[in-house]
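Residues per chain are reported as follows:
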Amino acid sequence: MTDTIAQSSDLIRPSWWTGSPAVPADSYVVDAAEFLGSDGRVAVTDALAERMRSTFRDVGLVHVVNTGLTEHSDMRAIAKLVVDAEMAYRAGANPRGVLEPNVYEIGAPLEAWLHYHHEMAYVGTSTKMVAFLCKRELPGRGATFVSDNLQATDALMATEFGRKLARLGVCYRRDLTDREAFVGREPIGVYNHWQHSLATDDPAEAEARAQERGLQTSWGPDRVLQTRYYVSAFEHFPQLDRNVLYSSVADHAMWFDAWPLVEQLPPEQRPLWMTFGDDSDFTREELELFVDVYDRFGTPIDWRVGDVAVICNYRFAHGRPSIRLAAGEERELGVLLGEPFQRVGDVADRW
Ligand SMILES: [Fe+2]
């Protein structure tokens, strides 16, 4: 018991923001009250599309409120005003073939806090943006936080740790468990089975697919598929022609510090591990700085049902605190991923 208390008081806890928003709400909030149809719900019009696109282009974030919508499918149509426009502009190809026709679940337990992160930074194919759609609200306690990544990058690069990250890059290690090994067993330590992550039951195919994504692979005990991905901690952002921070402790074992069924494992036995690109570990001070640099530039997005937010994956990191529901409470968001892109890492002289 003493050990548990000592351990939990030792955790590095994100604080999400300073208490005042790093980005003013009026720069990115679009009030749909201006764009309502006769049924009291937001209508898809050129004027709404233009407002959302210009806001996203200028800020890298747009949050549409007062939509009157209640269904994910309707909110998705609003999010796609930005997502599809970006795809058509960037890719010059039929955007509808690229986007999965689904709205995804968040895929993380509410009790776990989700450290600031860039979506899919840990594989060679990332995404340019991510959109959230609010189906069930928990006002005041269910916010997602976004961190202004341009400011975070500049602040980090002013430190020795930031320059070390730029010099060495990072390595993401992931242990993908075998679904068959957990049949009839409590899923302690399970984050992602390779069958699920790589969408195949064939180990050879799973390994091939991981390698296609730029991962190094090896098999551990109990058919655990161990992957490693060496990459820059930064990514070149074409729109501003500059490198931005593109890594966080969300891919470190501390991602699981409040994660049911994984938090009880010592860090070295958890499914994620992250090091510098020379395989050396971060110090505690470096991890604290990594958390703090995002916290300093955080802004809450406090959801109401019908809200749609589109977040540029280069310009913002996103995360959220633990959420504990009382009886009768709910909090539900849907996720939409934007256009995929192949990571290039940082580009010389673009800092
Ligand atoms: Fe995310």
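What counts, and where the lines are drawn
- Residues numbered from 1 in each chain as written.
- Predicted model: local features only at pLDDT ≥ 70, side-chain atom pairs only at ≥ 80, totals over all residues.
- Heavy atoms only, no water.
- Donors = N, O, S within 2.8 Å, 3.2 Å for Na, K, Ca; no water.
- Helix = DSSP H or I, 4+ residues; strand = E, 2+ residues; numbered from the N terminus.
- Buried < 20%, exposed > 50% of the residue type's maximum accessible area, 1.4 Å probe, protein only.
- pLDDT = per-residue confidence, 0-100.
- Contact = heavy atoms within 4.5 Å.
- Polar contact = N/O pair within 3.5 Å; in protein donor to acceptor, adjacent residues only side chain to side chain.
- Phe/Tyr/Trp six-rings, centres within 6.5 Å; stacked < 30°, edge-to-face > 60°.
- Pairing = 2+ DSSP bridges.
- Axes fitted to C-alpha atoms, helices over the stretch in contact; angles between N-to-C directions.
- Salt bridge = Lys/Arg side-chain N within 4 Å of Asp/Glu carboxyl O.

1. A look at the coordination of the iron ion
Stage number 1. Only H117 (NE2), E119 (OE) and H318 (NE2) from the protein coordinate the iron ion, and they sit 2.1 to 2.2 Å from it.
Stage number 2. Counting residues between consecutive donors of the iron ion along the chain gives the motif H-x1-E-x198-H. Of this pair, H117 sits in strand β3 (residues 114-117) while H318 sits in strand β15 (residues 316-320); the two residues are 201 residues apart in sequence, bridging distant segments of the chain. Like H318, H117 is buried.

2. Focus: the confidence of the model for the protein
Stage number 1. On average, residues of the protein score 92 in pLDDT, and 93% of them reach the 70 mark or higher.
Stage number 2. This stretch, residues 1-6, has a pLDDT under 50; its non-local contacts, to residues over four places away or in other chains, come to zero contacts.
Stage number 3. Between residues 90-101, whose pLDDT stays under 50, and residues either more than four places distant or in other chains, the model counts 20 contacts.

3. Some details on the side chain of S248
Stage number 1. Following the sequence through the fold, S248 ends up in the loop between β11 (242-245) and β12 (272-276).
Stage number 2. Residue classification places S248 among the buried residues on the basis of a relative accessible area of 2%.
Stage number 3. Here the side chain of S248 touches Y116 through a polar contact of 2.5 Å, landing on its backbone oxygen.
Stage number 4. Sequence-distant contacts of S248, that is, excluding residues within four places in its chain, are made with Y116, H117, M274, F290 and Y294.

4. Observations regarding the packing of aromatic side chains
Stage number 1. Enumeration according to the criterion identifies 21 aromatic pairs in this entry.
Stage number 2. Between Y116 and Y294 the ring centres are 5.8 Å apart and the planes differ by 35°, which places this aromatic pair in the tilted class. Here Y116 is found in strand β3, whereas its partner Y294 is found in helix α8 (residues 284-295), with 178 residues between them in sequence.
Stage number 3. Overall, the relative accessible area of 1% leaves Y294 in the buried class.
Stage number 4. For the pair F276 and F282, a centre-to-centre distance of 4.5 Å together with 55° between the ring planes defines the contact as tilted. This pair shows no difference in class: F276 is buried, exactly as F282 is.

5. Here we look at the environment of R167
Stage number 1. Within the secondary structure layout, R167 lies in helix α5 (residues 160-168).
Stage number 2. Sequence separation between R167 and Y122 is 45 residues; the distance between their C-alpha atoms is 18 Å.

6. Notes on the sheet that holds strand β6 (residues 144-148)
Stage number 1. The sheet built from four strands is open, its strands ordered β3-β15-β6-β13 with antiparallel pairing. At either end of the open sheet lies a strand with only one pairing partner, and these are β3 and β13 (298-301). In this sheet, neighbouring strand axes are inclined to one another by 20° on average, regardless of whether the strands run parallel or antiparallel.
Stage number 2. Pairing of β6 with β15 involves four bridges; the strand directions are antiparallel. Bridge pairing in β15 places F145 opposite G319.

7. Some remarks on the pattern of salt bridges
Stage number 1. Within the structure shown, the criterion is met by 25 salt bridges.
Stage number 2. With its nearest N and O atoms 3.0 Å apart, the salt bridge here joins D154 to R242. Placement of the pair is D154 in helix α4 (residues 149-157) and R242 in strand β11, with a sequence separation of 88 residues.
Stage number 3. With a closest N to O distance of 3.1 Å, E286 and K164 form a salt bridge. Within this pair, whereas E286 is found in helix α8, its partner K164 is found in helix α5, the two being separated by 122 residues in sequence.
Stage number 4. Each member of the salt-bridge network shares a partner with another, and the members are D39, R41 and D74.

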